[in-house]
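Spelled out, the chains give:
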Amino acid sequence: MPDTKPATEWINGRALQKVSPQRKHALAQGVFFSALHSWAVREGSGRVGTEWDFRIAPPGEVRRPLVPDVAYLSYDRVPYTSEKDADIPRVAPDVVVEVVSPGDRTADVEEKVRVYLAAGTKVVFLVNTEAQEVTVRTVGGSRLLSKAEEIEDEALPGFSMPVKALFEEPRPRNSGLGV
């Protein structure tokens, strides 16, 4: 695969270049990263990154590049002392966050989820900025979280974040805008 900016992923037998995110996508991605990174630092449990390049191979399948919007990789999977191995990991992240863009094909999103889970990812969070909801996918099934619920999962012990935080614009302070 060529080294491109934005990165290129291999999905459903074809190369797909990631699209630069728009505002709602960028906001949700940044908020999820910030919360997950703060949790990982507090716990001392692993690394968190955005647009992180992974080379993933489910058992019996070809290795392919995937670039999650946000990924958490525990020190259990790639130790703290293996910094070079963490640059472009050859293992699946423990946790993946994909912010679904309006132009994403459902078949492509489903294939990415399948590959992540088959390769060892514990949970995939699919963030839908239009519907303002999060789908939580594991090998055991799927559950839908509304704006009124909390994001929590056993793969992230002690992590909790309100779904609504992913969709709220920062409010101006005393800006005279009448808000």
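Up top is the structure.
Residues numbered from 1 in each chain as written. Predicted model: local features only at pLDDT ≥ 70, side-chain atom pairs only at ≥ 80, totals over all residues. Heavy atoms only, no water.

## Overview of the packing of aromatic side chains
Centre distance and the angle of the planes are the two values used to describe a pair of aromatic rings. Our working rule: Think of it this way: a Phe, Tyr or Trp ring, Trp meaning its six-membered ring, pairs with another when their centres are within 6.5 Å, and the plane angle makes it stacked under 30 degrees, edge-to-face over 60, tilted otherwise.
One pass over the structure, following the stated rule, counts 6 aromatic pairs. Grouped by ring-pair contacts, the aromatic residues Phe-32, Trp-39, Tyr-72, Phe-125 and Phe-159 constitute a single cluster.

## Notes on unusual backbone geometry
To keep things clear, this is the line we draw: Helix and strand definitions here come from DSSP, where helices need a minimum of 4 consecutive H or I residues and strands a minimum of 2 consecutive E residues; each element is numbered from the N-terminal end. In this scheme, a residue with accessible area under 20% of its type's maximum is buried, one over 50% is exposed, and one in between is partly exposed, where area comes from a 1.4 Å probe on protein chains only.
Positive phi, normally seen in glycine, also occurs at Glu-51, with a value near 50 degrees. Tracing the sequence through the fold places Glu-51 in the loop between β3 (46–50) and β4 (54–56). Assessed through its relative accessible area of 33%, Glu-51 is described here as partly exposed.

## Side note on helix α3 (residues 106–118)
Quick reminder of the rule: Each helix should span, by expectation, one fewer than its residue count multiplied by 1.5 Å.
Given a rise of 1.5 Å per residue, 13 residues ought to cover 18 Å, and the 18 Å separating the end C-alpha atoms of α3 matches this to within 8%. Every buried residue of α3 is listed here: Asp-108, Val-109, Glu-111, Lys-112, Val-113, Val-115, Tyr-116 and Leu-117. Of the residues flanking the end of α3, it is Gly-120, one or two places downstream, whose phi is positive at about 120 degrees.

## Quick notes on the nonpolar core
Convention followed: Remark: nonpolar core denotes a set of buried residues (Ala, Val, Leu, Ile, Met, Phe, Trp, Tyr, Cys) joined through side-chain atoms within 4.5 Å. Contact criterion: two residues are considered in contact whenever any of their non-hydrogen atoms come within 4.5 Å of each other.
Counting residues in hydrophobic clusters, the biggest one holds 25 residues, and the most contacted among them are Phe-32, Leu-36, Phe-125, Val-127, Val-134, Ile-151 and Leu-166. When contributions to this core are tallied by element, the ones reaching two or more residues are α1 (23–43), β6 (70–74), β7 (95–100), β8 (123–128) and β9 (133–138). Among the elements that make up this core, the one with the highest residue count is α1 (5 residues). Setting aside chain neighbours within four positions, we find Val-134 in contact with Phe-125, Leu-126, Val-127, Arg-143, Leu-144, Leu-145, Ile-151, Val-163 and Leu-166. Listed in part, the 18 residues of the second largest apolar core include Trp-52, Ala-92, Val-115 and Ala-119.

## Brief notes about the pairing of β9
As a reminder, the rule being used: The rule for pairing is simple: two strands pair if DSSP sees at least two bridges between them.
Here 5 bridges tie β8 to β9, and the two strands are oriented antiparallel to one another. In the strand pairing of β9, Asn-128 is matched with Glu-133. Linking β8 to β9, which pair antiparallel, is a turn of 4 residues; within it Gln-132 sits at a positive phi near 55 degrees. Alignment of β9 against strand β10 (residues 141–145), held across 5 bridges, turns out to be antiparallel. Within β10, the residue paired with Val-134 across the bridge is Leu-145.

## Here we look at the pattern of salt bridges
Selection criterion: Any Lys or Arg side-chain nitrogen located within 4 Å of an Asp or Glu carboxyl oxygen qualifies as a salt bridge.
Evaluation of the coordinates by the stated rule reveals 13 salt bridges. Taking the shortest distance from any N to any O, the salt bridge between Glu-98 and Lys-112 comes out at 3.4 Å. Of the two residues, Glu-98 sits in strand β7 while Lys-112 sits in helix α3, which places them 14 residues apart along the sequence. Of the two residues examined, Glu-98 and Lys-112, each falls in the buried class. Here Glu-110 ties to Arg-137 by a salt bridge, and the two come within 2.9 Å at their closest N and O atoms. Here Arg-137 lies in strand β9 and Glu-110 lies in helix α3, a separation of 27 residues in the sequence.

## Regarding the pairing of β8
We count it as follows: For a crossover, the right-handed case is the one in which the path from the first strand over the helix to the second runs clockwise, viewed with the strands pointing away from the viewer.
Counting buried positions over the 6 residues of β8 gives 5, a clear majority of the element. For β7 and β8, the ladder comprises 6 bridges, and the chain directions are parallel. Paired with Val-100 across the strands is Asn-128, a residue of β8. Chirality of the crossover, the property in question, places the unit of β7, α3 and β8 among those that are right-handed.

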